[in-house]
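Overview (structure and organization)
One-letter residues, chain by chain:
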Amino acid sequence: MKVIVLGGYGAVGSQAVAYLREMAAHVLAAGRDPKRADLLIDADHPHGLDRVLKDVDVVLNCAGTEDAALADQVTRHGAAFVDITASVDYTSAVERLKPSAPILLSVGLAPGLTNLLAAAVQHEAPAQPIDIALLLGAGERYGKASTAWAYQLLGQDFADPATGERIRNYSRPRRFHLPVYGVRRLLRVDYSDQHVLHRDLGVPVRTYFGLTSRLATAALAALTRLPAAAHAAPSWHLPGDQRWLALARSVDGRTHTLGGRVQAHATAAIAAIAAMKAARLPRGVHHLHHVLDLSDLAALPIRLHPWYPPTPEPNH
């Protein structure tokens, strides 16, 4: 299998390239830096892709570029397109395409792993609302694109997918009992998983976010009240470690949880297995929970830890 990884030397892309090579794929890292890229491609102006897409099976986008025209361009050449983005507007734009090859979205931790956890909870507790929790370590130096994306949500509102109510990112705290971390108050955030899952599972789904540092989480809740924070924050680095945890729970406390260390490695591992799967999918737009379930994660090149709360805790 021949795979091109856009942003193939970044925080996630470089790991995805390494994992794909372990899976016996022929992989080319694409980007703008001639010293690090196998292919010189600017994902923001990808005209050069046309000349290299012949005989390519999959293009994996780890560059942070959110342009539905890029997905359309790749699939017109017959290659599958896989993207790790979490943006709601971009996901919706790609879903409106009528691609001639497969597109696989919701690939990473959130969306991605959270989709699989929520689908597993829904299988055990049908017709119940689901809360998703994502806890990330602020101590990890993420790529510039992912860091900027998280901060640009500060002060921005979004429509709750179930009710249409306007909600400000990093507000509306809810209490979660998290393995290892204990009771934490996490904040609503506009990840695309809740929108896609509300539609696909037919129940209300809400996504909550926090950092492993309580102080850093409280800082996000305070900053979101300041309109200028979204522009100033990307140069900041909040305290924390490199652990992460993802959880989905139903109203009656049915819970699935997975965690690990270094978000970029986990995102890259899921992206690599998704890329290998994407080439065999039918044409059209797919999401990770359409094509994989939790049992498929045993094939990941890293180990995820199945952490479970000692007792189910109802959603208050």
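Before going into details, it helps to say that this report is about the structure given with it. All values derive from a computational prediction rather than experimental measurement.

About the criteria used
- Residues numbered from 1 in each chain as written.
- Predicted model: local features only at pLDDT ≥ 70, side-chain atom pairs only at ≥ 80, totals over all residues.
- Heavy atoms only, no water.
- Pairing = 2+ DSSP bridges.
- Helix = DSSP H or I, 4+ residues; strand = E, 2+ residues; numbered from the N terminus.
- Buried < 20%, exposed > 50% of the residue type's maximum accessible area, 1.4 Å probe, protein only.
- Right-handed = clockwise from strand over helix to strand, strands pointing away.
- Expected span 1.5 Å × (residues − 1).

1. Here's the deal with the sheet that holds strand β1 (residues 2–6)
In space, the 7 strands of this open sheet follow the order β3-β2-β1-β4-β5-β6-β15, with parallel pairing throughout. Here the strands that pair on one side only, and so sit at the sheet edges, are β3 (39–40) and β15 (284–287). Two strands pair when backbone bridges link them, and strand β5 (residues 80–83) and strand β6 (residues 102–105) are joined in this way by 2 bridges, in the parallel orientation. Bridging from a neighbouring strand, F81 pairs with I103 of β6.

2. Details of the pairing of strand β11 (residues 182–188)
As paired elements, strand β10 (residues 171–178) and β11 share 6 bridges and run antiparallel to each other. In the strand pairing of β11, R175 is matched with R185. Turn length for the β10-β11 hairpin, with the two strands adjacent in sequence and antiparallel, is 3 residues, and the turn residue V180 shows positive phi of about 75 degrees. As defined by bridge partners, β11 adjoins strand β12 (residues 205–211) across 2 bridges and the pair is classed as antiparallel. Looking at β12, one finds that R188 is bridged to Y208.

3. Let's talk about the pairing of β1
Most of β1 is tucked away, with 4 of its 5 residues classed as buried. Pairing between β1 and strand β2 (residues 26–31): 5 bridges, direction parallel. The residue bridging V3 from the neighbouring strand is V27, located in β2. A crossover links β1 with its parallel partner β2, the connecting element being helix α1 (residues 13–22), and its sense is right-handed.

4. Details of helix α9 (residues 263–278)
Given a rise of 1.5 Å per residue, 16 residues ought to cover 22 Å, and the 22 Å separating the end C-alpha atoms of α9 matches this to within 8%. With respect to burial, α9 is a largely interior element, 14 of its 16 residues being buried.

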